[in-house]
Amino acid sequence: MLDRLQSLADRYEKLSELLCDPDVANDPKRLREYSKEQSDLQEAYTAYTEYKEVLAQLDDAKAMLGEKLDDEMREMVKLEIEELTARRAALEERIRVLMLPKDPNDDKNVIIEIRGAAGGDEAALFAADLYRMYTKYADSQGWRVELLEANESDLGGFKEVIFMVSGKGAYSKLKFESGAHRVQRVPVTESGGRIHTSTSTVAVMPEVEEIEVEILDKDIRIDTFCSSGAGGQSVNTTKSAVRVTHIPTGIVATCQDGKSQNDNKAKALQVLRARIYDMRRQEEEAKYAGERKSKVGTGDRSERIRTYNFPQSRVTDHRIGLTLHKLDAIMNGELDEIINALTLTEQAELLEQSV
């Protein structure tokens with residue numbers, strides 16, 4: 001591990017030299033690539049630098065114990081050795097985590113699809129609640145949210161809503177949200193006060209560049225139609241809404257919330273690329289279905305991952321057995337406690353596999 005860290009440190013320092021090179025400074029593509037690579041190495045480089053400093057201080061402190069010291073000074077040195085030993089252990093653990101294989105999608109923006117599933121109008125209303133929850137979480141992280149497509153229900157919920165979250169590390173935190181989210185509460189349509197159980201599904205996909213998923217013109221069919229609102233009523237008479245069908249896979253993406261037909265086409269293609277990429281990724285994962293699966297799930301939207309119980313103000317993540325009695329805060333976008341627990345679980349599993 002130390003050899004790998006030294007190679008990483010050498011590369012980081014070489015990148016610092018390259019970024020000062022006038023030829024690189026005048027080449028936007030290389031400047032962007034080198035800056036991103038150095039940014040990705042920054043945390044591990046800083047930890048390794050601190051680790052080497054702690055080792056040097058520890059060696060010096062141990063050497064002092066071989067010298068003639070009075071009792072007070074000897075106790076001070078021993079105490080320093082204990083503190084430095086603890087710091088060394090903490091840094092070793094942190095470095096082990098930083099050296100784990102990184103998901104290549106972690107720094108990407110995400111496209112999130114939420115659909116009302118079992119439960120009719122109540123499922124659609126809960127889909128809208130989930131949309132608001134993720135929007136508020138994104139705001140707390142300083143990320144930008146862009147609505148791509150929305151199909152509203154008659155009661156103001158969402159039969160389907162698709163949106164993009166843009167910001168550094170968005171996928172690394174939101175990727176655990178894919179799956180079926182179950183809600184237990186008294187619906188607004190229930191006059192007898194009975195608790196109903198409904199579900200909405202969430203799919204989180206990384207934004208995909210054109211070079212990652214190439215879509216040929218001959219492989220798509222584009223249809224245009226008039227945009228419509230809740231209940232299907234037409235909200236304009238121009239054919240600005242766009243439906244793109246990928247003929248080889250049958251995958252369809254629709255967008256009608258943009259300002260123009262071209263805008264809607266670009267957004268629909270963006271969603272289409274993400275869906276094709278997600279389909280291919282799941283096909284690859286299916287090849288290894290017999291291997292040990294992660295506790296935090298496979299990203300399958302049919303897998304029930306979380307229950308939101310309103311009468312008990314309780315949220316339970318079934319993958320890691322985490323229960324929190326702070327439903328209001330979570331629905332208000334305070335997801336860090338859940339997401340951090342899922343991240344730590346994934347890291348622990350990877351560490352166990354790397355031993």
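Look up a bit, the structure's there.
The following paragraphs examine the structure supplied in this document. These numbers were taken from a predicted model, which means no experiment stands behind them.

Now for the sheet that holds strand S9 (residues 304-309). On the basis of which strands lie adjacent, the open sheet formed by 8 strands has the order S2-S3-S1-S5-S4-S9-S10-S11 and mixed pairing. At either margin of the open sheet sits one strand with a lone partner, and together these are strand S2 (144-152) and strand S11 (322-324). The sheet shows a mean angle of 15 degrees between the axes of neighbouring strands, taken without regard to direction. In this sheet, strand S3 (residues 158-166) lies alongside strand S1 (residues 110-116) in antiparallel orientation, the contact comprising 6 bridges. By the bridge assignment, Ile111 is partnered in S3 with Met164. Against the sheet, helix H5 (residues 121-141) touches S1, S2, S3, strand S4 (179-185), strand S5 (196-206) and S9, its axis set at about 110 degrees to S4.

For strand S7 (residues 241-246), the buried fraction is high: 5 of the 6 residues fall into the buried class. In terms of strand pairing, strand S6 (residues 220-225) meets S7 through 6 bridges, oriented antiparallel. Bridge pairing in S7 places Ile222 opposite Val244. Of the pairings in the sheet, the one linking S7 to strand S8 (residues 251-255) comprises 5 bridges and is antiparallel in character. Bridging from a neighbouring strand, Val242 pairs with Cys255 of S8. Hairpin connection, S7 to S8: the antiparallel pair is bridged by 4 residues, and Gly250 has positive phi, about 80 degrees.

The strand order across the open sheet formed by 3 strands is S6-S7-S8, and the pairing between neighbours is antiparallel. Strand pairing shows two members of the sheet lacking a second neighbour, S6 and S8, which therefore form its edges. Averaged over all adjacent pairs, the angle separating strand axes in this sheet is 15 degrees, with direction ignored.

What follows deals with the packing of helix H1 (residues 2-19) against helix H3 (residues 28-65). Following both chains from N to C, one finds H1 and H3 inclined at 135 degrees, their axes separated by 8 Å at the closest point. Classified by the angle their axes make, H1 and H3 are oblique. The hand of the H1/H3 crossing is left-handed. Facing Leu2, Leu5, Gln6, Leu8, Ala9, Arg11, Tyr12, Glu13, Leu15, Ser16, Leu18 and Leu19 of H1, the residues of H3 in contact are Leu31, Tyr34, Ser35, Glu37, Gln38, Leu41, Gln42, Ala44, Tyr45, Tyr48, Tyr51 and Lys52. Class assignment of the residues belonging to the contact of H1 with H3 gives a composition of 15 nonpolar, 5 polar and 4 charged.

In this section: the pattern of salt bridges. Here the structure, examined in full by the defined rule, presents 26 salt bridges. Residue Glu37 is joined to Arg11 by a salt bridge in which the shortest nitrogen-to-oxygen separation is 2.8 Å. Within this pair, whereas Glu37 is found in helix H3, its partner Arg11 is found in helix H1, the two being separated by 26 residues in sequence. Look at Glu37 and you get partly exposed, because its relative accessible area is 28%. Between Asp278 and Arg281 there is a salt bridge, and its shortest N-O distance comes to 2.6 Å. Remark: Arg281 and Asp278 occur in helix H7 (residues 261-287); sequence separation between them is 3 residues, near one turn of the helix. Like Arg281, Asp278 is buried.

Rules used in this analysis
- Residues numbered from 1 in each chain as written.
- Predicted model: local features only at pLDDT ≥ 70, side-chain atom pairs only at ≥ 80, totals over all residues.
- Heavy atoms only, no water.
- Pairing = 2+ DSSP bridges.
- Helix = DSSP H or I, 4+ residues; strand = E, 2+ residues; numbered from the N terminus.
- Axes fitted to C-alpha atoms, helices over the stretch in contact; angles between N-to-C directions.
- Contact = heavy atoms within 4.5 Å.
- Buried < 20%, exposed > 50% of the residue type's maximum accessible area, 1.4 Å probe, protein only.
- Parallel < 35°, antiparallel > 145°, perpendicular 65-115°, else oblique.
- Left-handed = near helix turned anticlockwise from the far one by under 90°.
- Nonpolar A, V, L, I, M, F, W, Y, C, P; charged D, E, K, R; others polar.
- Salt bridge = Lys/Arg side-chain N within 4 Å of Asp/Glu carboxyl O.

Purely geometric numbers; function is a separate question.
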